[in-house]
Amino acid sequence: MEQDQGQSDQLIPQDYTNKLGIDFSDPLLLTRALTHRSYLNEHPESLEDNERLEFLGDAVLDFLVGAWLYNRFPEMPEGNLTRLRSALVRTENLAQFAESIELGEAMLLGHGERQGGGSQRPALLCATFEALIGAIYIDQGIEAVKDFIEPMLEESAQVILKKNRDKDSKSTLQEWAQSQGLGTPYYKTVSSYGPDHAKNFIVEVHIGNSVYGTGIGHSKQSAAKYAAEQALKSLRIIN
């Protein structure tokens, strides 16, 4: 165990733990939260990758964001709360949270993954941020996670509401297409790649005979959402 502790101190610089403002009683949890499976493949002496912590952090975030929204916006209808929660925990938004704490630089990635730009990929940043939340929850408890995440939620929620980013992109695109007499958009999965446990789907959104946008996601539903967002951006309906 002493050897593992030394490895943790070496892998995670003290200045990064200072940046987080969290003094982990078990530094190995932080190491594990930052360990991508590509690093584990190249360093078999490492104990575990961050996928189990990611699973836990995702659940913790869903609960805390929902509870925070319920208390922060007491007059907001349920449907609006649902849309705002979805906007706050979507991949791109959690990736922005990760960037704000320079998580990409601290992530433990395999050489190929880092060379391929993994430390800047939104999906990977999002997953690592969720793993970090899981680690904080185990080590410090729910109140520590609240103290860590709520300032980020406050700032992000105001931006989302100001720029109407809580609106569902597929519904917005459908309303626009029908208002232009173009019919209903439809979504086509054109390909997929990656292993079964981390598959990515590529989906196109068609209106009439034209492709208006393409999206990539870990599910067909999320890829379709990103395709609709790209279409709305190309049409300059959203920024």
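To be clear, the structure that these remarks concern was listed above.
Residues numbered from 1 in each chain as written. Predicted model: local features only at pLDDT ≥ 70, side-chain atom pairs only at ≥ 80, totals over all residues. Heavy atoms only, no water.

## Observations concerning the overall build of the chain
Quick note on the threshold: Each helix is a run of H or I in the DSSP string that is no shorter than four residues. Each strand is a run of E no shorter than two, and both are numbered from the N terminus. C-alpha atoms define the radius of gyration in this analysis, and the globule rule sets the expected value at 2.2 Å times the number of residues to the power 0.38. Summary of the burial criterion: residues with accessible area below 20% of their type's maximum are buried, those above 50% are exposed, and those between are partly exposed, where the area comes from a 1.4 Å probe applied to protein chains only.
For the chain, the count of helices and strands is 13 helices and three strands. At 20 Å, the chain has a C-alpha radius of gyration in line with the 18 Å of a compact globule built from 239 residues. Dimensions of the chain, computed from C-alpha atoms along their principal axes, come out at roughly 70 × 45 × 25 Å. Taking all 239 residues of the chain together, the buried fraction comes to 41%.

## Comments concerning unusual backbone geometry
Although it is not a glycine, Glu-102 sits at a positive phi angle of roughly 55°. A positive phi angle, close to 60°, is found at Arg-236, a residue other than glycine. Along the chain, Arg-236 falls in the segment after α13 (220-234).

## Points about helix α6 (residues 78-89)
Quick note on the threshold: The length a helix should cover is 1.5 Å for every residue beyond the first. Contacts were defined at the residue level, with two residues in contact if any of their heavy atoms lie within 4.5 Å.
For α6, which comprises 12 residues, the first-to-last C-alpha distance of 17 Å matches the rise-based estimate of 16 Å (1.5 Å per residue) to within 8%. Looking at the buried positions of α6, the neighbouring elements they touch are α5 (51-72), α7 (91-100) and α11 (142-162).

## Some thoughts on the pairing of strand β2 (residues 200-207)
Quick note on the threshold: Each pair of strands is called paired provided DSSP finds at least two bridges between the two strands.
Counted residue by residue, β2 has seven buried out of eight residues, so it is predominantly covered. The pairing of strand β1 (residues 186-193) with β2 spans seven bridges and is antiparallel. Bridge pairing in β2 links Tyr-186 to His-206. Alignment of β2 against strand β3 (residues 210-217), held across seven bridges, turns out to be antiparallel.

## Digging into a positive patch on the surface
To keep things clear, this is the line we draw: Patch membership requires over 30% relative accessible area and the absence of a salt bridge. Like charges are linked within 9 Å, and nonpolar side chains (Val, Leu, Ile, Met, Phe, Trp, Tyr) within 5 Å. Each accessible area value is a Shrake-Rupley result obtained with a 1.4 Å probe; residue values ignore everything except the protein chains displayed when judging cover. Counted as salt bridges are all cases of a side-chain nitrogen of Lys or Arg within 4 Å of a carboxyl oxygen of Asp or Glu. Two residue types count as positive, namely Lys and Arg, and two as negative, namely Asp and Glu; His and chain ends fall outside the count. Positions of charges follow a simple convention, taking NZ of Lys, CZ of Arg, CG of Asp or CD of Glu.
A cluster of basic residues, Lys-162, Lys-163, Arg-165 and Lys-233, forms a positive patch on the protein surface. Looking at the secondary structure, you find Lys-162 in helix α11. We classify Lys-162 as exposed; its relative accessible area is 72%.

## As for the side chain of Ser-169
Within the element layout of this structure, Ser-169 appears in helix α12 (residues 169-179). Among all residues touching Ser-169, those that are not within four sequence positions of it are Lys-225, Ala-228, Glu-229 and Leu-232.

## Considering the nonpolar core
Our working rule: Grouping buried Ala, Val, Leu, Ile, Met, Phe, Trp, Tyr and Cys residues that are joined through side-chain atoms within 4.5 Å yields what is termed a nonpolar core.
Of all hydrophobic cores here, the largest spans 47 residues; its most connected members are Leu-88, Ile-101, Leu-103, Phe-129, Leu-132 and Phe-148. Where this core is concerned, the elements lending two or more residues are α2 (14-20), α3 (27-33), α5, α6, α7, α8 (103-106), α10 (122-140) and α11. Per element, the largest residue contribution to this core is nine residues, and it comes from α10. Those residues in contact with Leu-132 that lie beyond four places of it in its chain are Leu-20, Phe-24, Leu-30, Ala-33, Ile-101, Leu-103 and Phe-148. Counting residues in hydrophobic clusters, the runner-up holds eight residues, among them Leu-173, Ala-177, Ile-207 and Ala-227.

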